[in-house]
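Here is what each chain is made of, one letter per residue.
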Amino acid sequence: MRLRRSQRIFTLSFTLLALAVLIFPQQAKKPVRITTTDPAVRLQAYEKHVEMKAASKFKDLKWQFLGPKNQSGRCTDVAVASPKGKTYTMYVATASGGAWKTTNEGTTWVPVFDQGPSMSIGDIALDPSNAEKVWLGTGEANIFRSSQSGAGVYQSSDGGRTWKHMGLAGTGTVARIVVHPKNPDVVYVAAGGTEWTQDPDRGVFKTSDGGKTWDKVLFVDNETGAYDLVMDPQNNDTVYAAVWQRTRKKWNDPRNTAASAGSGIWKTTDGGKIWTPINNGLPEAKFRGRIGFDLCATKPNVLYALVDNYEKSRDPSQEEMSNSYGLPSAGIIKGATIYRSDDAGATWVQTSGLAPEQKKYMERHSNTYGWVFGQIRVDPNDENTVYTMGLSLHVSRDGGKTFARLRTHGSDHHALWIDPQNSNYLINGFDQGLNVSYDKGLTWRYFQDVLPVSQFFNLNYDMDTPFRVYGSMQDHGSFRAKVDLSKGRDKIEPQEFETAPGGEGSNHAIDPTNPNIVYSAGFYGTLERSEYGKPGPFPGYPDSKTILPAQYEDEPRLRGQWLAPFLISSHNPNIIYHGMQFVFRSLDRGDTWEKISPDLTAVVPSEQGDIPYHTLFALSESPLKYGLLYAGTDDGNVWVTKDGGRKWTAINAGLPYQKWVSRLVASQYKMATVYMTQNGKRDDDVTPYVWKSDDYGKTWVDISKGIPLGPVNVIREDPVDPKILYVGTDQAVYVTTDGGAAWNVLGGNLPSTYVHDLIIHPRDNIIVIATHGRGMWALDGNAVNEKDKRRPWFFYEED
């Protein structure tokens, strides 16, 4: 059989790589394990950051919000002051954009919590006896790819103008806060615990002195946290709590296992002194995943529970063999299942999914990730009207027997407030923002002012005039916008972003010689080449071609990260590189491929779950030497090749054990210099890891001293001055002007935000950041590197 050219290259390179693995084994070094970050250390590091920001020599520089003006982001909770008609104040909690307030029912919003060690908000609650007193729990409880850890509970006594940290710094996620309606000093907190590791700071906490001290009144174990709380409005000593046993792994979502036994519902009738499990009628413990529940305020003996039910429902059909992201299906579970109790939780009866068409409907309610939702609301004035949140907002008007989708905006719903005085009035929060209904959900409208809390994963630019920036947003897709300098470099206006090639998790690379050609690496490594100017599959979308490297049937399945690394060679725009567990290279814009590396990860068969892990996450090619490449993995491996992939050398010596390699940058000034950042988020570790090597990675020097708080997502070299470096963390942008000896916070007006990516446009010298929670921002690079005043760097002597 004759092989096509691409197949012959593929086969030859595979043979050479097998030999390379034998000749160049990974270095055998004793690993250094890094523990999780102590919560007190994290708070101290944040205070250091605040001091640095106030003292920074760049504090007078102003970041300019670039947008998008027309897209919002995930809202996790809503709290509304009462009574409606006398006040129009409401607060909204967002997944990673802090907390916001309106006093005119959404006509305008202002941020009220946008500086702190965590901008991920799990819950927000008002004191029923004083609407100026606001409680805020940090750490989103919806556990999935873009959730961020919290740093405890805050309280404001002046309507959000000032905040005080009230403790519980180690709780990781806060799912619910309940304030006693008659005694504001009594507050309950449902804490889910850290996301990736196990610890005792989880369960139900209670304060009886307004937050000065806390008692852990319900604790199951180090893996089981509290995820919902409801107080009986007629007997305030009666409180219900739902707990969920879960640990998120780097290779698995927080799914149930055969050993799962902790999830369930508990009840106290004495204000938290004694708790009793009330699970009679619910599925067996091993099938109970995340649980949300609510009661009817006017008939509090009527309760409903939304259980993520792991009982097997049926085998998948042919169309269901892969999930939404193209990964193999493990089978169809019952999923979202509704149970009702008419005796205050003593017994439960399944109401949903009993009819065949409703059974299938509820299977699809939360798709394959029910742990992301877990929210249910009962109409306070009608015990038979129930709302549940999943991919859509659903309603039952017959006591939970049949559910139908409400035609709201957006998808992935997480918050719902029902006016207790008027059940027609609903406020709904979801992944694309916030909307309101005045007719029990029949019709909806967005609030007038768009909350600027979009969650970008990545950022890149083209060389058009004016230049555009590209990025992908959580649960929105990929977008682009022009950076308009026509009114001045300090007068960049916010933009409405337009759709771009790629999905909600897509790296982008734009041909530097032709801005119409755009590459996008999508879900878990899928790859596409698009060309503007040629009509695509629908209006506004360019002609596109899938160019993912092909595998033979007997070869290992390709593993790609959510944001698989991808780049265009700076030496030839027709040459592109793509990272899965292997590095691929194409010499013809992706039409044919050759594999130029062995598996560069530390793959372990038992760590192959429903999330791709042991994959490449960082790739960099030297701008000074073709064939000099660096590759980094999500399991901490780092590699270099100096000959285009014929020989790879591991360069892990002295690095922390299995820390995610978030970025590699081969220097544009010195051939032997390379920079690297690592991210400890998936170990609940917020240590900043920033490294430099001047010998191709043989030895690494820690240059993070002076950056108080991580995790670190990106590092970039300045295009003008080799001593200037920029670092983006989950807190801010830091800059050094002396090669890493000292660092400053860049800019004085940027909110605390997750800086996921950063670019400096090489022609226009504009710095742009993509944040996961506050959109994109731009800053004039001349104010940092003085490009407009200096000669090229090579005219200056080195120190």
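Here the structure is a predicted model, which is why all the values come from computation and not from measurement. (Residues numbered from 1 in each chain as written. Predicted model: local features only at pLDDT ≥ 70, side-chain atom pairs only at ≥ 80, totals over all residues. Heavy atoms only, no water.)

Trainee: Explain the overall build of the protein chain residue by residue, including any values.
Mentor: Scanning the protein chain for helices and strands turns up 4 helices and 56 strands. Oriented by its inertia axes, the alpha-carbon framework of the protein chain measures out at about 75 × 65 × 55 Å. By the burial criterion, 61% of the 799 residues in the protein chain qualify as buried. A separation of at least 24 residues holds for 56% of the contacts in the protein chain among residues at least 6 apart in sequence. When the accessible surface of the protein chain is summed, it comes to about 30,400 Å², and 52% of that surface belongs to carbon and sulfur atoms. (Helix = DSSP H or I, 4+ residues; strand = E, 2+ residues; numbered from the N terminus. Buried < 20%, exposed > 50% of the residue type's maximum accessible area, 1.4 Å probe, protein only. Contact = heavy atoms within 4.5 Å. Areas by Shrake-Rupley, 256 points an atom, 1.4 Å probe, with all protein chains shown as cover.)

Trainee: Please provide a residue-by-residue account of unusual backbone geometry, values included.
Mentor: The peptide bond linking Ser82 to Pro83 adopts the cis configuration, its omega dihedral lying at 0 degrees. The residue Pro83 is located in the loop between strand E2 (75–80) and strand E3 (90–94) in this model. Between Gly710 and the following residue, Pro711, the backbone shows a cis peptide bond with an omega angle of -10 degrees. Here Pro711 lies in the loop between strand E49 (701–702) and strand E50 (712–717). Positive phi, normally seen in glycine, also occurs at Tyr524, with a value near 50 degrees. Within the secondary structure, Tyr524 is located in the loop between strand E35 (517–521) and strand E36 (527–535).

Trainee: An account of helix H3 (residues 356–363) is needed here, citing residue identities and associated values.
Mentor: For H3, every residue scored as buried is listed here: Gln358, Met362 and Glu363. All buried residues of H3 lie within an arc of 145 degrees about the axis, which places them on one face of the element. Among the exposed residues of H3, those oriented more than 90 degrees off its buried face are Pro356 and Glu357. (Arc of directions from axis to C-beta.)

Trainee: So what's going on with the pairing of strand E44 (residues 638–641)? Residues and values would help.
Mentor: The alternating pattern of E44 places Val638 and Val640 on one face and Trp639 and Thr641 on the opposite face, and all of these are buried. Summarising the sheet, strand E43 (residues 629–633) and E44 pair through 4 bridges and their orientation is antiparallel. Across the sheet, the residue bridging to Ala631 is Trp639, located in E44. The antiparallel hairpin formed by E43 and E44 contains 4 residues in its connecting segment, where Gly636 sits at a positive phi of about 90 degrees. Relative to strand E45 (residues 649–650), E44 runs antiparallel, the two sharing 2 bridges. Looking at the pairing, Trp639 lines up with Ala650 of E45. (Pairing = 2+ DSSP bridges.)

Trainee: Which residues make up the sheet that holds strand E28 (residues 433–437), and what values go with them?
Mentor: If you trace the 4 strands from one edge of the open sheet to the other, you get E26-E27-E28-E29, paired in antiparallel fashion. Bordering the open sheet on either side are strand E26 (413–418) and strand E29 (445–446), each of which pairs with just one other strand. Two strands pair when backbone bridges link them, and strand E27 (residues 426–430) and E28 are joined in this way by 5 bridges, in the antiparallel orientation. Bridging from a neighbouring strand, Ile427 pairs with Val436 of E28.

Trainee: Talk me through the packing of aromatic side chains; I want residue IDs and the actual numbers.
Mentor: Enumeration according to the criterion identifies 20 aromatic pairs in this entry. With centroids separated by 6.0 Å and ring planes inclined at 85 degrees, the aromatic side chains of Trp109 and Phe447 adopt a geometry described as edge-to-face. Separated by 338 residues along the polypeptide, Trp109 in the loop between strand E4 (99–102) and strand E5 (110–113) and Phe447 in the loop between E29 and strand E30 (460–461) bring together distant segments of the chain. Per residue, the accessibility class of Trp109 equals that of Phe447, and both read buried. Residues Phe457 and Trp562 carry aromatic rings whose centres are separated by 6.1 Å and whose planes lie at 70 degrees to one another, so their mutual orientation is edge-to-face. Separated by 105 residues along the polypeptide, Phe457 in the loop between E29 and E30 and Trp562 in the loop between strand E37 (542–546) and strand E38 (566–568) bring together distant segments of the chain. (Phe/Tyr/Trp six-rings, centres within 6.5 Å; stacked < 30°, edge-to-face > 60°.)

Trainee: An account of the sheet that holds strand E42 (residues 616–621) is requested, with residue identities and associated values reported.
Mentor: Spatially, 4 strands are ordered E42-E43-E44-E45 in an open sheet, and the strand pairing comes out antiparallel. Two strands close off the open sheet at either side, each with one partner strand: E42 and E45.

Trainee: Account for the side chain of Thr408, with residues named and values stated.
Mentor: Summarising the element assignment, Thr408 is placed in the loop between strand E25 (404–406) and E26. With relative accessibility at 12%, the residue Thr408 sits in the buried group. Of note is the side chain of Thr408, whose polar atom sits 3.4 Å from the side chain of His413. Residues in contact with Thr408, not counting those within four places in the same chain, are Leu393, His413, Asn428, Asn435 and Trp444. (Polar contact = N/O pair within 3.5 Å; in protein donor to acceptor, adjacent residues only side chain to side chain.)

Trainee: Kindly report on helix H2 (residues 39–55), identifying the contributing residues and their values.
Mentor: With 17 residues, H2 extends 25 Å between its outermost C-alpha atoms, agreeing within 8% with the 24 Å of an ideal straight helix rising 1.5 Å per residue. Listed as buried for H2 are Arg42, Ala45, Tyr46, His49, Met52 and Lys53. Burial along H2 is one-sided: seen end-on, the buried residues are contained in an arc of 115 degrees. Seen from the open side of H2, the exposed residues pointing more than 90 degrees away from its buried face are Gln44, Ala54 and Ala55. (Expected span 1.5 Å × (residues − 1).)

Trainee: So, the pairing of strand E51 (residues 725–729): which residues are in play, and what are the values?
Mentor: Counting buried positions along E51 yields 5 of 5 residues, so the element is predominantly enclosed. Across the two faces of E51 the burial is the same, with Leu725, Val727 and Thr729 and Tyr726 and Gly728 all buried. Sheet topology places E50 next to E51; 5 bridges connect them, and they run antiparallel. Following the sheet pairing, Glu717 is matched in E51 by Leu725. Hairpin connection, E51 to strand E52 (residues 733–736): the antiparallel pair is bridged by 3 residues.

Trainee: Describe the confidence of the model for the protein chain, with residues and values.
Mentor: Detailed reading of the predicted coordinates is not advisable wherever pLDDT is low. The share of residues in the protein chain with pLDDT of 70 or more is 93%, and the mean pLDDT across the chain is 92. Contacts from residues 1–30, a stretch scored under 50 in pLDDT, to residues over four places away or in other chains number 40 contacts. (pLDDT = per-residue confidence, 0-100.)

Trainee: With reference to specific residues and values, describe the nonpolar core.
Mentor: Core analysis: the largest hydrophobic core is formed by 18 residues, its most contacted members being Trp63, Tyr726, Leu746, Ile767 and Val784. Elements represented by at least two residues in this core include exactly E52, strand E54 (755–760), strand E55 (766–771) and strand E56 (776–780). Looking at which element gives the most residues to this core, the answer is E54, with 3 residues. When residues no more than four places from it in sequence are discounted, the contact partners of Val784 are Phe58, Leu61, Ile724, Tyr726, Val735, Leu746, Ile767 and Leu779. Residues Leu459, Ile766, Val768 and Ala770 belong to the second largest nonpolar core, which totals 17 residues. (Core = buried A, V, L, I, M, F, W, Y, C linked by side-chain atoms within 4.5 Å.)

Trainee: Tell me about the pattern of salt bridges, and name the residues and values.
Mentor: Pairs can form between side chains of opposite charge once their charged atoms are near each other. Here the structure, examined in full by the defined rule, presents 32 salt bridges. Taking the shortest distance from any N to any O, the salt bridge between Lys250 and Asp683 comes out at 3.1 Å. Placement of the pair is Lys250 in the loop between strand E15 (239–245) and strand E16 (264–268) and Asp683 in the loop between strand E47 (674–679) and strand E48 (689–693), with a sequence separation of 433 residues. Across the pair, Asp683 and Lys250 agree in class, each one buried. Ionic pairing is found between Arg314 and Glu363, a salt bridge with its closest N-O pair at 2.9 Å. Remark: Glu363 occurs in helix H3 and Arg314 occurs in strand E19 (residues 299–314); sequence separation between them is 49 residues. Taking the relative accessible area as the measure of exposure, Arg314 reaches 24% and is therefore partly exposed. For Glu363, a relative accessible area of 9% translates into the label buried. Because the salt bridges share partners, they merge into one network encompassing Lys250, Lys659, Asp683 and Asp685. (Salt bridge = Lys/Arg side-chain N within 4 Å of Asp/Glu carboxyl O.)

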